[in-house]
Amino acid sequence: MKIAIMGFGVVGSGVGEVVVKNQETLINRCGEPVEVAHILDLRDFPDSEFKCFTKDFNDILNDPEVGVVVETMGGVNPAYDFTKKLLLAGKHVVTSNKELVATHGTELLDIARERNINYLFEASVGGGIPIIRPMYSCLTAGEATDIFGILNGTTNYILTQMFQCGESFESALKAAQRKGYAEADPTADVEGFDTCRKIAILAALAFGKALDYTKISTEGITKITADDVAFAEKLGYAIKLIGHCTKDGDAVYAAVFPALVPKNSPLAGINDVFNGIIVRGEDLGEVMFYGRGAGKLPTANAVVADVVDAIKHKRVNVIIKWDKYDEKHQSSGENVPYAYYLRISGKAPANIPGGKVVAFSENKQTEFAVLTESLTKSGLDALVCEVKASECEVLSCMRLIGE
């Protein structure tokens, strides 16, 4: 089988490396050798062991011997146009591009199904963690009720440094950039956008309905302070950036937010660039997927696993399906309850409806922490108004999850 790679960055070059290094294993798994026939990239790689580079997409599209194309370009354009043309031409496409899957996955899966080929995207969520395949094959007997977890290695590394080393957000981010865990522009990670796209994909798989990820409530970790870390430690919690999706009546609600996770939760012990995803269902109970959420070879390994799957199903569509986006299927979450942590400045009132003062700051005598009962958004808004009426100020507000 001849394959092509579009985008020879970190993941794309890792795919080439995995294919060359594991040729014997691939022959055993696929029943035939796997050869990289074309690599599309605008840059030159004179020192590469591969001598099949091209700057012309049509070299891949018009090669009848190329059966599987790996898309590791990132972004929507031109990846969407290229992917659609390849699928219409009858070529399987494998991708790690979570933005493309979250934006156009419904359409691309429909085209693949019509052409009896495959559009596979295991590496789009969780890096090297096998989560997509279990969602559409192993966990389909019973419906999921919740999915929540740590879906971004960069933010988890930063939060680990803040907890274990006492670093500020700014210094932890710089350390992540030095180690290559964070981009020069880390916005997509630290503001939660990367996690948002991933939870949209998982929600579509779990509940059979596409979500508009631009309408998912998304909050990053940039506002977390050393004071929040100190309170969390004192109360027996860790702070993690969480992606969460759940049923809200007949609709689906998804959100991304920093949350306090109890130390006895398995998520609390997931540190550095590792990810952990919990799937909960009425019949299933809870299952957890854990592993490296990023990195060249772990992610490339997930991509190549999809290449193997595509080769094994050359003329058979692996059924991955969700309904197209319908705004009535996406909940605003107004009635989805969460318990909350509030960090408040001022004199602690004797009574806080729906909440309880649980700790005072050791460094700032005028700051204290409140943990609430489960509240809907309107209940939380009412509590915040009560706090303000008592001449206090809410400095920080985070959900509690994983209890």
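What you see is a predicted model, and the numbers here were worked out from it, not measured in a lab.

1. Describing the sheet that holds strand S6 (residues 119-120)
In spatial order, the strands read S3-S2-S1-S4-S5-S6; together these 6 strands make up an open sheet with parallel pairing. Whereas interior strands pair on both sides, the edge strands pair on one side only; in this sheet they are strand S3 (53-54) and S6. When strand S5 (residues 92-95) meets S6, the two strands line up parallel, connected through 2 bridges. Bridge pairing in S6 places Val 93 opposite Tyr 119. Across the sheet, helix H1 (residues 10-21) touches strand S1 (2-6), strand S2 (35-40) and strand S4 (66-71), and the angle it forms with S1 is around 155 degrees.

2. Considering the state of the cysteines
Inspection of every chain in the model, using the stated rule, returns 0 disulfides. Just so you know, Cys 30 is unpaired, no disulfide at all, and the nearest cysteine sulfur is the one on Cys 52, 18 Å from it. When its relative accessible area of 13% is taken as the criterion, Cys 30 is described as buried. This cysteine, Cys 392, is not joined by any disulfide, and Cys 385 carries the nearest cysteine sulfur, 13 Å off.

3. Quick notes on the nonpolar core
Judged by nonpolar contacts, the single largest core of 117 residues is most densely connected at Tyr 119, Phe 121 and Leu 202. In terms of residue count, helix H10 (residues 193-207) provides more of this core than any other element does, 10 residues in total. Setting aside residues no more than four positions away along its own chain, Tyr 119 makes contact with Thr 83, Leu 87, Val 93, Thr 95, Leu 100, Val 101, Leu 108, Leu 109, Ala 112 and Ile 320. In this structure, Ala 238, Phe 257, Leu 375 and Leu 383 belong to the second largest nonpolar core, which totals 29 residues.

4. Considering unusual backbone geometry
Geometrically, the link from Asn 77 to Pro 78 is a cis peptide bond, its omega value of 5 degrees lying close to zero. If you trace the backbone, Pro 78 turns up in the loop between S4 and helix H4 (79-88). A positive phi angle, close to 60 degrees, is found at Asn 116, a residue other than glycine. Tracing the chain through its elements places Asn 116 in the loop between helix H5 (98-115) and S6. Look at Glu 391: it is not a glycine, yet its phi comes out positive at around 65 degrees. As for its position among the elements, Glu 391 is in the loop between helix H13 (377-389) and strand S16 (393-400).

5. What to know about the pattern of salt bridges
Counted according to the given criterion, the structure contains 25 salt bridges. As a salt-bridge pair, Lys 328 and Asp 326 come within 2.5 Å of each other at their nearest N and O atoms. Since its relative accessible area comes to 25%, Asp 326 is described here as partly exposed. Several salt bridges share partner residues, and in doing so they unite Asp 227, Asp 228, Arg 343, Lys 364 and Glu 367 into one network.

6. So, H1
Taking 1.5 Å as the rise per residue, H1 with 12 residues should run 16 Å; its terminal C-alpha atoms sit 16 Å apart, in good agreement. Along H1, the residues classified as buried are Val 11, Gly 12, Ser 13, Gly 14, Val 15, Gly 16, Val 18 and Val 19. In this structure, the buried side of H1 is in contact with S1, helix H2 (23-30), S2, S4 and helix H12 (296-312).

7. Some points on the environment of Phe 169
When you line up the elements, Phe 169 lands in helix H8 (residues 169-178). It is 9.9 Å that separates the C-alpha atoms of Phe 169 and Thr 155, two residues lying 14 residues apart in sequence. If we ignore the near neighbours within four places in the chain, the residues touching Phe 169 are Ile 158, Met 162, Val 190, Ile 221, Thr 222 and Ile 224.

8. Quick look at the side chain of Asp 189
Tracing the backbone shows Asp 189 in helix H9 (residues 187-190). No salt bridge forms around the buried Asp 189; measuring N to O, its nearest opposite-charge neighbour Lys 198 is 6.3 Å away. A distance of 3.4 Å separates polar atoms of two side chains, one belonging to Asp 189 and the other to Thr 154.

9. Some thoughts on the packing of aromatic side chains
Under the defined criterion, the tally for this structure stands at 12 aromatic pairs. Relative to Phe 50, the ring of Phe 8 has its centre 6.1 Å away and its plane inclined at 85 degrees; by these criteria the two rings are edge-to-face. With Phe 8 in the loop between S1 and H1 and Phe 50 in the loop between S2 and S3, this residue pair connects regions lying 42 residues apart in the sequence. In terms of burial, Phe 8 and Phe 50 fall into one category: buried. Between the aromatic rings of Phe 360 and Phe 368, the centroid separation amounts to 6.0 Å while the plane-to-plane angle is 45 degrees, which identifies the pairing as tilted. Phe 360 sits in the partly exposed class, given a relative accessible area of 45%. Through successive ring pairs, a cluster of aromatic residues spans Phe 8, Phe 45, Phe 50 and Phe 53.

Cut-offs used in this document
- Residues numbered from 1 in each chain as written.
- Predicted model: local features only at pLDDT ≥ 70, side-chain atom pairs only at ≥ 80, totals over all residues.
- Heavy atoms only, no water.
- Pairing = 2+ DSSP bridges.
- Helix = DSSP H or I, 4+ residues; strand = E, 2+ residues; numbered from the N terminus.
- Contact = heavy atoms within 4.5 Å.
- Axes fitted to C-alpha atoms, helices over the stretch in contact; angles between N-to-C directions.
- Disulfide = S-S within 2.5 Å.
- Buried < 20%, exposed > 50% of the residue type's maximum accessible area, 1.4 Å probe, protein only.
- Core = buried A, V, L, I, M, F, W, Y, C linked by side-chain atoms within 4.5 Å.
- Salt bridge = Lys/Arg side-chain N within 4 Å of Asp/Glu carboxyl O.
- Expected span 1.5 Å × (residues − 1).
- Lys, Arg positive; Asp, Glu negative; His and termini not counted.
- Polar contact = N/O pair within 3.5 Å; in protein donor to acceptor, adjacent residues only side chain to side chain.
- Phe/Tyr/Trp six-rings, centres within 6.5 Å; stacked < 30°, edge-to-face > 60°.

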